[in-house]
Amino acid sequence: MTFVWTTIQVSDLDRSLAFYHDLLGLPLCERFHGTGNEIAMLGDPQGTKLELLCAPGPRPEVPGQGLSLGLAPEDMDGLLAKIRAQGLEVSPPISPNPSLVFHFLKDPDGYTVQLVKQLG
C-alpha cells in the first residue's frame, strides 16, 4: 500500500497556495475545479501530496485539532527568516532528541505546520 495524499479543507485556495507554495516552497502539481470545489495538489510529483480543498459550506471550528503537517525544508534557516519577514509567528526550536529539531507555525486556516530538520 502507498500513502498518496492528505487533504485539508481551506477557506481561500489562493491564500493557502501563497502560504504552502510561494512561502514554504511546496511544488504545485495540479490545480483544478471539481463539483463546486477548488482543489490543488502540492508536493513531489512522485511522492506523497498535500491536497488543499476549498469547498462551499461550513469549515471546522478548530481545523485539524491534534494534527500537524510535517515538512522538511532544504534550507531551514533561510525559510525561517523568510517566514519571520512575513510577520508570521514561529515557535522556538524543539529538539526531542539529538538528531532532530523542529519549529511549529500556523497556516492561514489555523492548521499546524511542523518544519523538521534532521541533524547529523
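Predicted, not measured: the structure shown is a model, and the values here were computed from it.

(A) Region of the structure containing the overall build of the protein. A tally of regular secondary structure across the protein gives two helices and eight strands. Counting helices and strands in the order they occur from the N terminus, the protein gives β-α-β-β-β-β-α-β-β-β. The globule rule puts the C-alpha radius of gyration for 120 residues at 14 Å, and the 15 Å found for the protein is close to it. C-alpha atoms of the protein, sized along the principal axes, occupy 45 × 35 × 25 Å. Put simply, the protein has 120 residues, and 36% of those count as buried. Long-range contacts, defined here as pairs at least 24 residues apart, represent 48% of the contacts in the protein between residues at least 6 apart. Accessible surface, the protein: about 7,200 Å² in total, of which carbon and sulfur atoms supply 54%. Measuring between centres, the 8 positive side-chain charges of the protein sit 3 Å from its 14 negative side-chain charges.

(B) Focus on the sheet that holds strand S5 (residues 68–71). The sheet built from four strands is open, its strands ordered S5-S8-S7-S6 with mixed pairing. Every other strand in the sheet has two partners, leaving S5 and strand S6 (94–97) as the edge strands with one partner each. Each neighbouring strand pair of the sheet contributes to a mean axis angle of 30°, computed without reference to strand direction. Sheet analysis places strand S7 (residues 100–106) next to strand S8 (residues 112–118), joined by seven bridges and oriented antiparallel. In the sheet register, Val-101 faces S8, and the bridge partner there is Lys-117. Contacts from helix H2 (residues 76–85) reach S7 and S8, with the element oriented near 150° to S8.

(C) How the structure looks around H2. Along H2, the positions that sit buried rather than exposed are Met-76, Leu-79, Leu-80 and Ile-83. Each buried residue of H2 lies within a common arc of 100° when the element is viewed along its axis, so the set occupies one face. Turned more than 90 degrees off the buried face of H2, the exposed positions are Asp-77 and Ala-85.

(D) A look at the environment of Thr-35. The topology assignment puts Thr-35 in the loop between strand S2 (28–33) and strand S3 (38–42). Judged by relative accessible area, which is 78%, Thr-35 ranks as exposed.

(E) Spotlight on the side chain of Lys-49. Residue placement: Lys-49 occurs in strand S4 (residues 49–54). No salt bridge is formed by the buried Lys-49; its nearest oppositely charged neighbour, Asp-44, is found at 6.1 Å.

Parameters at a glance
Residues numbered from 1 in each chain as written. Predicted model: local features only at pLDDT ≥ 70, side-chain atom pairs only at ≥ 80, totals over all residues. Heavy atoms only, no water. Helix = DSSP H or I, 4+ residues; strand = E, 2+ residues; numbered from the N terminus. Rg over C-alpha atoms; globule rule 2.2 N^0.38 Å. Buried < 20%, exposed > 50% of the residue type's maximum accessible area, 1.4 Å probe, protein only. Contact = heavy atoms within 4.5 Å. Areas by Shrake-Rupley, 256 points an atom, 1.4 Å probe, with all protein chains shown as cover. Lys, Arg positive; Asp, Glu negative; His and termini not counted. Charge placed at Lys NZ, Arg CZ, Asp CG, Glu CD. Pairing = 2+ DSSP bridges. Axes fitted to C-alpha atoms, helices over the stretch in contact; angles between N-to-C directions. Arc of directions from axis to C-beta. Salt bridge = Lys/Arg side-chain N within 4 Å of Asp/Glu carboxyl O.

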